[in-house]
Every structure is written in C-alpha cells, then in structure tokens.
Amino acid sequence: MSDEKAMDYYTAIKKAEKQLHRFPLISVRNVPLMSLIADNFENIWAFNPHPSDLLIATYPKAGTTWTQEIVDLLQHNGDAEACKRAPTPVRSPFLEICSPKPIPSGLDLLKNMEPPRMIKTHLPFQLVPPGFWENKCKTIYVARNAKDNLVSYFHFDRMNQTQPEPGPWDDYIHKFMRGNTGWGSWYDHVKGYWAEREKMNILYLFYEDMKENPRREVERIMRYLDLSVSDEVISRIVELTSFKNMKENPMTNYSCVPAPVFNHEVSPFMRKGEVGDWRNHFTPEQSNIFDEDYKEKMKDVNIPFRDHI
Ligand code: PPS
C-alpha cells in the first residue's frame, strides 16, 4: 500500500516534468507566494476544515516534517508500520500547494480524505482560511531561530527547482531580511502566530526546544492533542523521529519528491537537522548586520528564540 502511494506521487511528478520550472513569487495581500498558489488563492481561502482537523503551521524549514511525524506516531500509538502507509505529503497534505497536473494539489488530496486530517501550511496567520478559527481547529505552530531558518531555506531554495533561485549567499541574507522569500517575512510570520496563540489556542513550539529535549516536547504535543500513550511509546516515538531515522525513512525523507522538483543531489531535504549551523555560514560581519536588523524588527515582541542550545 505505502509503496503504491509513494509511487503515485513520484510518477505524477515525473509526468509533469515539462511544466515544472522555478515559479515566480506573486504578492497576495503583500505576502509573496509561489505564482501557482497566488493564482488559486481564492479556493484556498474558501477551504472549510472540519473541527476535528489539525493544522500544523510553520514558516518554511522550521520543523514541519518532524512535527508531522511526531503527531502521526502519537495518533497511531507509536506504530511505525502504520505511519509508513504513505509519504508525509500524502498522509498530511500541504493545504496551499498547487502544482501542474497530474500532481495532486493540497486541496485535491484533502478532498479525498476523511477528517480528522493533519494539514500542513506555511501561510502566515492572516492568510490562513478563516474556517480554521471559526471551527476552532487545533493548531500547532513551530518556530525556528531566524539564522538557522534562513540557512535551511537557502539550501532548500537551491534544491527545490520550483522556487526562485536563491542567488549568492550574501544576497540571500538580504532577501530574507526584506521578506522577499516564498511565504514572506519570517519576522511577521513568527510574530503573527505569537500574537494569536492564546486567543486561538495555538500550541507554539520551538525547534530548539525539540532538539534540546524531544521527549518533553513530544509529551507537550500529546497533552495538547488530548492523547495518552505509555512512557515506552513516547520513547519509541522519540527514537523513530530522530534526525537519523527520519533521514533514512523513505516515507519521511521526501525521496517521494524527485527531481525536477527536489534535487536531493544539490542538497538533501534532510540536510543537517542541527541548531547553530548558521555559524558555518554567516561571517562575523554578516552576523552583525543581521543582528542589528533583527533587533529593530523584533523590538515590539519578546519571543524566546535561541540560536544555540
Ligand atoms: S518544509 O519544506 O518547510 O516542510 O521543511 P521543514 O520540515 O519545516 O524543515 C526542514 C528542516 O527540518 C530538519 N528536520 C529535522 N531536524 C531535526 N530532527 C528531525 N527529525 C528533523 N526532520 C527534519 C531538516 O533537516 C531541515 O533542516 P536543515 O537545517 O536544513 O537540516
């Protein structure tokens, strides 16, 4: 079953090969989105989730896949085989993603799934379809410190052949600071969900906390979802969702998305999975410029980000 589903997805991408290229970004309410998403935004906005659906929201590269796997395992009492029924983007559709046919869009996949569904989005808070808040859907937001998030996004934009070219590293830093990357400003994104977390009952997690103490964070997710699994199952989930295991697992490592979408030879989807890799990329001067700008942009909030643990 799982091989079949992975193969459907893989084959659809191969079939769409000629229509795939690096799509430009188009502004939707001042947020730059991949043109295919921008063109279909009305349908995305109109999506009406079921109250039992769960939303996993992140700025790109903040720990989405990791959280999706933890949630799926929690919902299946740590059953690794059950969670190998299909690759991540089939088990947990990406709400706004649109691709040339025959690749199914996020909405296509959702249409054929019964609630409760686990839905991924990178949309900033103000662009999330209002049905999620009207129906009081549970929402997990994962945030990652700006510098590591930027580094991960830079490598992803190199390997993802449907996103704009990242260009040289130094230019990319400025692009990120200006909010000129897909899904817009990291600063506005993390602040948008932070401001709404209490009112909308959003579980706001940090990638660094998950790295520091995965067990504690898996337990937090479990409580938020009103689930209860044994200590032994928690230990198993922590092990199954280690970076090493997820990198080797074909259902979580995005090998289901081949070139010409993801060119894993340029940079693997499961790249390093570390906190502090930014130190291997930023020069001291780039770091100072970034920090000055960061202070200014983040002066109105106190979100406890850590760029090392
Ligand atoms: S996406 O494309 O936005 O859905 O990507 P996303 O899953 O949010 O982020 C990918 C980064 O998360 C790392 N990752 C992990 N880190 C630690 N442990 C586990 N289990 C794990 N799974 C994925 C992945 O390696 C990317 O980060 P970088 O820094 O590029 O390695």
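Up top is the structure.
Everything numeric in this text was worked out from a predicted model, so none of it was measured. The residue numbering used here restarts from 1 in each chain and proceeds along that chain's sequence as written. Local features in this predicted model are restricted to residues whose pLDDT is 70 or higher, and side-chain atom pairs enter the listing and the counts only when it is 80 or higher, whereas totals over whole chains, interfaces and linings include all residues. As a rule here, side-chain values come from all non-hydrogen atoms in the structure, and water together with hydrogens is ignored.

A.B. asks: Break down the site of the ligand for me, citing the residues and quoting the values.
C.D. replies: Any residue with a heavy atom lying within 4 Å of a molecule or strand is counted as near it. Around the ligand sit 22 residues in total, of which Thr64, Thr65, Ser152, Tyr207 and Lys272 are the nearest. Arg144 is positioned with one of its side-chain polar atoms (N or O) 2.9 Å from an oxygen atom of the ligand. Within 3.5 Å is the distance limit for a polar contact, defined as a pair of N or O atoms, with the added protein rule that one can donate a hydrogen and the other accept it, and that residues adjacent in sequence qualify only through two side-chain atoms. Tyr207 has a polar side-chain atom sitting 2.7 Å from a nitrogen atom of the ligand. Areas reported as accessible are Shrake-Rupley estimates using a 1.4 Å probe. Residue values count occlusion only from the protein chains shown. Calculation on the ligand without its partners gives an accessible area of 640 Å², and the protein chains cover 98% of this total. For the purposes of this entry, the term helix denotes a DSSP run of H or I that reaches at least four residues, the term strand denotes a run of E that reaches at least two, and both are numbered from the N terminus. Within the residue set of the shell around the ligand, elements represented by two or more residues are α4 (64–75), α8 (146–159) and α14 (243–248). Of all the elements, α4 adds the most residues to the shell around the ligand, at three residues.

A.B. asks: Can you explain the sheet that holds strand β4 (residues 118–121)? Please cite residues and give values.
C.D. replies: Strands sit in the order β4-β3-β5-β6 across an open sheet of four strands; the sheet is parallel. Both outer strands of the open sheet, β4 and β6 (202–206), are each paired with one neighbouring strand and no more. Averaged over all adjacent pairs, the angle separating strand axes in this sheet is 20 degrees, with direction ignored. Of the strand pairs in this sheet, strand β3 (residues 54–58) and strand β5 (residues 138–143) are connected by five bridges, and their pairing is parallel. Bridged to Thr58 within β5 is Val142. By definition in these notes, contact holds between two residues if any of their heavy atoms fall within 4.5 Å. For helices, the axis comes from a line fit to the C-alpha atoms of the stretch in contact; other axes are also lines fit to C-alpha atoms, and the angle between any two N-to-C directions lies between 0 and 180 degrees. Seen against the sheet, helix α10 (residues 186–196) touches β3, β4, β5 and β6 and runs at an angle of roughly 135 degrees to β6. Helix-sheet contacts for helix α12 (residues 214–224) involve β5 and β6, and the interaxial angle to β6 is about 175 degrees. We treat two strands as partners when DSSP finds at least two bridges between them.

That is the geometry; function is a separate question.
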